[in-house]
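Report on the structure
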Number of protein chains: 2
Amino acid sequence: MSAAADRLNLTSGHLNAGRKRSSSSVSLKAAEKPFKVTVIGSGNWGTTIAKVVAENCKGYPEVFAPEVQMWVFEEDINGEKLTEIINTRHQNVKYLPNITLPDNLVANPDLIDSVKDVDILVFNIPHQFLPRICGQLKGHVSSHVRAISCLKGFEVGAKGVQLLSSYITENLGIQCGALSGANIATEVAQEHWSETTVAYHIPKDFRGEGKDVDHKVLKALFHRPYFHVSVIEDVAGISICGALKNVVALGCGFVEGLGWGNNASAAIQRVGLGEIIRFGQMFFPESREETYYQESAGVADLITTCAGGRNVKVARLMATSGKDAWECEKELLNGQSAQGLITCKEVHEWLETCGSVEDFPLFEAVYQIVYNNYPMKNLPDMIEELDLHGE
Amino acid sequence: MSAAADRLNLTSGHLNAGRKRSSSSVSLKAAEKPFKVTVIGSGNWGTTIAKVVAENCKGYPEVFAPEVQMWVFEEDINGEKLTEIINTRHQNVKYLPNITLPDNLVANPDLIDSVKDVDILVFNIPHQFLPRICGQLKGHVSSHVRAISCLKGFEVGAKGVQLLSSYITENLGIQCGALSGANIATEVAQEHWSETTVAYHIPKDFRGEGKDVDHKVLKALFHRPYFHVSVIEDVAGISICGALKNVVALGCGFVEGLGWGNNASAAIQRVGLGEIIRFGQMFFPESREETYYQESAGVADLITTCAGGRNVKVARLMATSGKDAWECEKELLNGQSAQGLITCKEVHEWLETCGSVEDFPLFEAVYQIVYNNYPMKNLPDMIEELDLHGE
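Owing to the predicted nature of the structure, the values given are computational and were not obtained by experimental measurement.

When you go through chain A residue by residue, the secondary structure sums to 17 helices and twelve strands. Taking 2.2 N^0.38 as the reference for a compact globule, 391 residues should give roughly 21 Å; the C-alpha atoms of chain A span a radius of gyration of 22 Å, in line with that estimate. A principal-axis box enclosing the C-alpha atoms of chain A has dimensions of 60 × 60 × 40 Å. Within chain A, buried positions represent 60% of all 391 residues. Long-range contacts, defined here as pairs at least 24 residues apart, represent 72% of the contacts in chain A between residues at least 6 apart. Surface accessibility of chain A: about 14900 Å² in total, with carbon and sulfur atoms responsible for 50%. The centroid of the 35 positive side-chain charges in chain A is displaced by 6 Å from the centroid of its 48 negative side-chain charges.

Dropping the structure here:
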């Protein structure tokens, strides 16, 4: 019995005083043929999730095939191939240094080969590579395959707002859920305790327990003693929050940079949570209001993101330096992007198309500050004026 | 027109594109006889709220009597009386130094004299002084008087959990609401933007608009350009969150002190918000779930409190030093108390009486860590094991 399980039993004995309750372990039916899992992507978060998944596939051999493939965009690291380094030294020296990966995690530079006979695909690549990856996978993935997208965000286009999980379903013809939560990758990789949310809707062609992916299988695949998983149905809810939180984080950065303190940052998060919920209700009426305030992918991810991270940093520098967003981004992020800057524009354009700009005063204020140089000290008035919640 | 109003109109013109919407200004009926307001208490938060109230009483002479009395517990400051300093130099040098108070705010050391002919009482004293103050006021306050309690917390006794506003109503026979929000006093006093929530239930003997206190009057009394007020009915909801957030903040301090990072702190806040909501539903079924995630007194106050403050500091030091709560409190707080240490015990005892301990795993874990030396590194397992939300 592991130390964690020991502790669990101790806790259980101590607190339960004999009452029966569900435990964190999953009562799993053995799979008829253990599920083969592949992780597509090997960046910071991709490698972290691959580590989690590989640990569980090793731990539940009756459910998962022990070997987990991880598709790696091949790179040359001082004359060595990244995949070779991962497969011999069990470390992703470029994107997740100093973390030992399980030896049943196999790096594969060949995308098509990595998904051969796969049952569960875990997508964890940068948003912008998704179309290319889906294009390459097309025709190589059976419709029986199930997928989880760990990508944050959504796609805003002429057709409206599309979830990335829906994009995967549309392009590959496979059922796709999502994983999202208050998960700074490095902290998860170091096995500091955190929580996450997995959302998956059981498809109509579900083949039955032991033969297909269900919520128990997903809990077994992602839950670790240091990574607590809640599995729900609401794919839209967790995806929306994952995208819009970055816009809220920009707002928090502005008020921080202005020196307004903790009260103001908390106010921005409160208003932001309200607009995230409203956005979900308006454009994904199937999403549940509870998801936003009960789940790690909701309020907890918002809190973590607004406590720091790229978007807060860029916005803070805008406030303190008076420079524009692009200068600040360049100065701070070394070629990476603050996602909120893109999202607030996409959201603004979409809301304008719908005539709903004024229902989202914070999102609109952030957009106006970033793109039209609107004075950020007016943020409180912009929010107050448009407050739907007041009298 | 003030600069703030100017900005407001600008914003309005910019964003509204001609559509009509409610503005932040209040359309108020003049009072038949302007309401006389007294603030009871002159600590850090008491003086700050007295400043807010006095500014508004000066600004709305058709609604409020301009002179606002503030009852001050008299103290000698280097040979001068504190009330004299406040009334001549317009500064509370002891509890709110470097902040200029409005000259229509009058410090009064005589409690009974300060409430003479009063219409609205604002309570803002330390929790533990409430019984004594109410005892002294008894018989000196007409039943027509309306009150707002700015005290955080509730009273847990043999009878169960009692709101402090209900205590005031019970002891003085006057209707009492509450004010609570993400309000670090110093930031509000410095006029950095923040939000708050005022909750007030219109009583059965309401005497009519212009004659009695309603939501518009309360908005006019507390709302400032830098202090945005939302007025609601749910007194229980905002009071519960104000008390229980301190227990959650202890949990955040533990995981911070253990070096577990932002993910863990956000997880504690998520679990804590859920338990706060459950507590409200169980013991104050009239409280509304929305209050907790929509209002400043809910999620925003929780975020601010968990970002810093006394409870986080004490818990953090417990984690890093291994010392017990009382040593850490003594070392850090110079005779003041971390309210969460008291609240978690009161809550534990009450939940034990009700047989509901196990519905509140985080509150219970915090109690066990503080009072029974339970190892804080087991916190995740204690929460997981008792998670009602999982499968």
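Another aspect to go through is the pattern of salt bridges. Two side chains with opposite charge may pair up if their charged atoms get near one another. Residues and elements named next belong to chain A. As enumerated under the stated definition, the model contains 38 salt bridges over all chains in all. Put simply, E209 and K216 hold a salt bridge, and the shortest N to O gap is 4.0 Å. Overall, the relative accessible area of 42% leaves E209 in the partly exposed class. Relative accessible area serves as the criterion here: at 27%, K216 is assigned to the partly exposed category. Connected via shared salt-bridge partners are K51, E55, E191 and R224.

Bringing the packing of helix α10 (residues 261-283) of chain A against helix α12 (residues 296-307) of chain B into the picture now. Each pair of packed helices gets described by two things: the angle between the helix axes and the distance between those axes. Packing of α10 of chain A against α12 of chain B leaves a shortest axis separation of 9 Å and a crossing angle of 135°. When the axis of α10 of chain A is compared with that of α12 of chain B, the two are oblique. As α10 of chain A runs across α12 of chain B, the sense of the crossing is right-handed. Contacts between α10 of chain A and α12 of chain B involve N262, N263, A266, Q269, R270 and L273 of chain A from the first element and S296, V299, A300, I303, T304 and A307 of chain B from the second. Tallied by class, the residues present in the contact of α10 of chain A with α12 of chain B amount to six nonpolar, five polar and one charged.

To continue, consider the domain arrangement of chain A. Residues and elements named next belong to chain A. Partitioning chain A into domains gives domain 1 (28-233) and domain 2 (237-385). The centre of domain 1, based on its C-alpha atoms, is set 28 Å off from the matching centre of domain 2. For the domain 1 and domain 2 pair, buried surface summed over both sides reaches about 1700 Å², with 69% attributable to carbon and sulfur atoms. The interface formed by domain 1 and domain 2 holds one salt bridge in total. Two residues, D301 and K152, come together in a salt bridge whose shortest N-O distance is 3.3 Å. Contributing elements (two or more residues each) for the side of domain 1 that touches domain 2: β8 (154-157), β9 (160-163), β10 (175-180), β11 (194-199) and β12 (227-232). Looking at side-chain class alone, the side of domain 1 that touches domain 2 contains eleven nonpolar, nine polar and three charged residues.

We now examine the sheet that holds strand β1 (residues 37-40) of chain B. All names here are of chain B. Taken in spatial order, the eight strands of this open sheet run β5-β2-β1-β6-β7-β10-β11-β12, and their pairing is mixed. Both edges of this open sheet fall to β5 (105-108) and β12 (227-232), since each of them pairs with a single strand only. With direction set aside, neighbouring strand axes in the sheet form an average angle of 25°. Here four bridges tie strand β7 (residues 146-149) to strand β10 (residues 175-180), and the two strands are oriented parallel to one another. By the bridge assignment for β10, I148 is matched with G177.

Basis of the calculations
Throughout, residues of each chain are indexed from 1 in the direction in which the sequence is written. Labels are handed out in written order, letters beginning with A for the chains and numbers beginning with 1 for the ligands. Two thresholds apply to this predicted model, a pLDDT of at least 70 for residue-level local features and 80 or more for giving and counting side-chain atom pairs, whereas whole-chain, interface and lining totals are computed over all residues. By convention in this description, side-chain values take in all heavy atoms of the structure and omit both hydrogens and water. Numbered from the N terminus, helices here are DSSP runs of H or I no shorter than four residues, and strands are runs of E no shorter than two. Atoms considered for the radius of gyration are the C-alpha atoms alone. The globule rule reads 2.2 Å times the number of residues to the power 0.38. Only protein chains enter the accessibility calculation, which uses a 1.4 Å probe. A residue is then buried if its area is under 20% of the maximum for its type, exposed if over 50%, and partly exposed in between. Every residue pair with non-hydrogen atoms within 4.5 Å of one another is taken to be in contact. The method behind every accessible area is Shrake-Rupley, applied with a 1.4 Å probe, and residues are considered shielded solely by the protein chains displayed. Neither His nor the chain ends is counted toward charge; the positive residues are Lys and Arg and the negative residues Asp and Glu. Charged side chains are reduced to one point each, which is NZ for Lys, CZ for Arg, CG for Asp and CD for Glu. In what follows, salt bridge is the name for a side-chain nitrogen of Lys or Arg lying within 4 Å of a carboxyl oxygen of Asp or Glu. Whenever a helix is involved, its axis is fitted only over the stretch in contact; in every case the axis is a line through C-alpha atoms, and angles between N-to-C directions fall within 0 to 180 degrees. The cut-offs work like this: below 35 degrees is roughly parallel, past 145 is roughly antiparallel, 65 to 115 is roughly perpendicular, and the gaps in between are oblique. Definitions for this section: a left-handed crossing has its near helix turned counterclockwise from the far helix by less than a right angle. A right-handed crossing has that turn clockwise. Note that Gly is not counted as nonpolar here; it falls among the polar residues with everything else outside the nonpolar set of Ala, Val, Leu, Ile, Met, Phe, Trp, Tyr, Cys and Pro and the charged set of Asp, Glu, Lys and Arg. Just so you know, the domain bounds were taken from an automatic or database domain assignment. What gets called buried area is simply the loss in accessible area from a 1.4 Å probe that two parts show on being joined, summed for both. The rule for pairing is simple: two strands pair if DSSP sees at least two bridges between them.

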